[in-house]
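Given next are the chains, with one letter for each unit.
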Amino acid sequence: MTRRSGDELLALVGEGNERAFVVFYDCTVSRVLGLVRRILVDPAQSEEVTQEVFLAAWQDAPLFDPTEGTAVGWLLIRARRRAIDRVRSSQAGRDRDVAVGIRDHEPSRDDVAEEAEISVEHHRVTRAMRTLTVAHREALELTYYGGFTRSEAAVRAGVPIGTMKTRIRDALVALRKHVDG
C-alpha cells in the first residue's frame, strides 16, 4: 500500500479495507498506547483499553468526518475518553467496595482529630503556595489542581515543555521546604 495519510487510511478502513487498518494501526498504536498509559499507568489495563480503542475504530471508521479534524486526532480523542472512562469505572468500583466495607465494618476513629489535622495541613500548604513565584504556582495549579498533563500545562502557559517540567520540579522542591521547614 503506497504511503497514505491517516485520513486516507481511515477512509479506507471505513470501507472495510483490512490492509488499510493494519497500516493505520501500525502508524498510530504507539501514540495511542502512550496516551492511554499516561492516564491509566497500569500496563495491562493500558493494553486492554488500547485494544478496545482500535476495535471501536474499526467499527466506527465510517463515522469519521475529515472536515472535523484529522484521523489521528479522532483516534486519540477516543483513546483519551475510553481511558478516562476506565479510570472512572475503576474509581466507582472502589467507591462501592469502600461503601460496602464501611457499611459492614465501621472502624473506630477520631473524626475531630482527623479533620483538625487535615485543616492544619491545608493551611500549611496554602501558606507555602503563597511563597512560590507566579510561574511556579501556575505550574502546580495547572498540573495538580487543573488536572492537565505537563504538555497541556505548557501549552496553556505558553512555554516549552522542558520549561514546564523545570517549573514543576522547582515548585515542588520549594513547596516541600516551606511545608516541612
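Residues numbered from 1 in each chain as written. Predicted model: local features only at pLDDT ≥ 70, side-chain atom pairs only at ≥ 80, totals over all residues. Heavy atoms only, no water.

### Some words on the overall build of the protein chain
Where we set the bar: Working definition: helices are DSSP H or I runs of at least four residues, strands are E runs of at least two. Numbering for both runs from the N terminus. As defined in this context, the radius of gyration uses C-alpha atoms, and a globule is described by 2.2 Å times the residue total to the power 0.38. Under the scheme applied here, a residue whose accessible area is under 20% of the maximum for its type counts as buried, over 50% as exposed, and between as partly exposed, the area being computed with a 1.4 Å probe on protein chains only. Residues scored as charged are limited to Lys and Arg (positive) and Asp and Glu (negative), so that His and the chain ends carry no count. By convention, charge coordinates are those of NZ in Lys, CZ in Arg, CG in Asp, or CD in Glu.
Each helix and strand in the protein chain was counted, giving 8 helices and 0 strands. Moving toward the C terminus, one meets the helices and strands of the protein chain in the order α-α-α-α-α-α-α-α. The C-alpha atoms of the protein chain give a radius of gyration of 22 Å, which is well past the 16 Å a tight globule of 181 residues would have. Of all 181 residues assigned to the protein chain, the portion counted as buried reaches 25%. Separation of charge centres in the protein chain, based on 27 positive and 28 negative side chains, amounts to 7 Å.

### Considerations on helix α3 (residues 43–60)
The condition that has to hold: Helix span, as expected, comes to 1.5 Å for every residue beyond the first. For this quantity, the arc is that covered by the directions from the helix axis to the C-beta atoms. A 3.5 Å cut-off defines polar contacts: any pair of N or O atoms within that distance qualifies, except that in protein one atom must be a possible hydrogen donor and the other a possible acceptor, and neighbouring residues in sequence count only when both atoms are side-chain atoms.
With 18 residues, α3 extends 25 Å between its outermost C-alpha atoms, agreeing within 8% with the 26 Å of an ideal straight helix rising 1.5 Å per residue. Regarding α3, the residues found buried are Ser46, Val49, Thr50, Val53, Phe54, Ala56 and Ala57. Along the axis of α3, the buried positions cluster into a sector of 160°, meaning they face one direction only. Pointing more than 90 degrees away from the buried face of α3 are the exposed residues Ala44, Gln51 and Gln59. Where α3 begins, one side-chain oxygen reaches toward the backbone nitrogen of Ala44, 3.3 Å away; that side chain belongs to Asp42.

### Description of the packing of helix α6 (residues 134–145) against helix α7 (residues 150–157)
Selection criterion: Note on geometry: axes are C-alpha line fits, over the in-contact stretch for helices, and angles between N-to-C directions span 0 to 180 degrees. Working rule for angles: under 35 degrees goes down as roughly parallel, over 145 as roughly antiparallel, 65 to 115 as roughly perpendicular, anything else as oblique. With the far helix as reference, a near helix turned anticlockwise by less than a right angle produces a left-handed crossing, and one turned clockwise produces a right-handed crossing. By definition, residues are in contact when any of their heavy atoms lie within 4.5 Å.
Between α6 and α7, whose axes approach to 9 Å, the crossing angle comes to 130°. As summarised for this structure, α6 and α7 are arranged oblique, according to the angle between their axes. Along this stretch, α6 crosses α7, giving a crossing that reads as right-handed. Residues Glu138, Leu142 and Thr143 of α6 form the contact with α7, whose participating residues are Arg150, Ala153, Arg156 and Ala157.

### Regarding the nonpolar core
For soluble globular proteins, the rule of thumb is that nonpolar side chains tend to be buried together. We apply this condition: Each nonpolar core is a collection of buried residues, namely Ala, Val, Leu, Ile, Met, Phe, Trp, Tyr and Cys, held together in the definition by side-chain atoms within 4.5 Å.
In this structure, Leu10, Val32, Val36 and Leu75 are the most contacted members of the largest nonpolar core, which totals 24 residues. If you list the elements that add at least two residues to this core, you get α1 (6–14), α2 (18–40), α3 and α4 (71–104). Contacts of Leu10, omitting those with residues within four sequence positions, involve Phe24, Ala61, Phe64, Ala71 and Trp74. Leu140, Leu142, Leu175 and Val179 belong to the second-largest nonpolar core, a separate cluster that totals 14 residues.

### Considerations on the pattern of salt bridges
Put simply, the test is: For this document, the term salt bridge refers to a Lys or Arg side-chain nitrogen within 4 Å of an Asp or Glu carboxyl oxygen.
Counted according to the given criterion, the structure contains 6 salt bridges. Among the salt bridges present, the one from Asp170 reaches Arg169, with a minimum N-O distance of 3.0 Å. One connected set of salt bridges, linked through shared partners, spans Glu48, Glu52, Arg82 and Arg86.

### With respect to the packing of α7 against helix α8 (residues 161–180)
To keep things clear, this is the line we draw: The classification used treats Ala, Val, Leu, Ile, Met, Phe, Trp, Tyr, Cys and Pro as nonpolar, Asp, Glu, Lys and Arg as charged, and all other residues, Gly among them, as polar.
Where α7 contacts α8, the axes come no closer than 8 Å and their chain directions differ by 105°. Here α8 runs roughly perpendicular to α7, going by the angle between their axes. Along its contact with α7, which presents Arg150, Ser151, Ala153, Ala154 and Ala157, the element α8 presents Ile161, Met164, Lys165 and Ile168. A breakdown of the residues in the contact of α7 with α8 according to their chemical character gives 6 nonpolar, 1 polar and 2 charged.

### Thoughts on the packing of aromatic side chains
To be explicit about the condition: Each pair of aromatic rings taken from Phe, Tyr and Trp, with Trp reduced to its six-membered ring, is defined by centres within 6.5 Å and is described as stacked if the planes are under 30 degrees apart, edge-to-face if over 60, and tilted in the remaining cases.
Per the stated rule, a full pass over the model turns up 4 aromatic pairs. Pairing Tyr25 with Phe54 gives two aromatic rings, centres 4.7 Å apart and planes at 65°, and the pair type is edge-to-face. With Tyr25 in helix α2 and Phe54 in helix α3, this residue pair connects regions lying 29 residues apart in the sequence. Here the aromatic rings of Phe64 and Trp74 are separated by 5.8 Å at their centres, their planes lie at 70°, and the arrangement is edge-to-face. With a gap of 10 residues between them, Phe64 in the loop between α3 and α4 and Trp74 in helix α4 connect regions that are remote in the sequence. For Trp74, a relative accessible area of 15% translates into the label buried.

### Description of the side chain of His136
One can find His136 in helix α6. On the basis of relative accessibility, which here comes to 18%, the residue His136 falls in the buried class. Not counting residues up to four positions away in its chain, the partners in contact with His136 are Arg167, Asp170 and Ala171.

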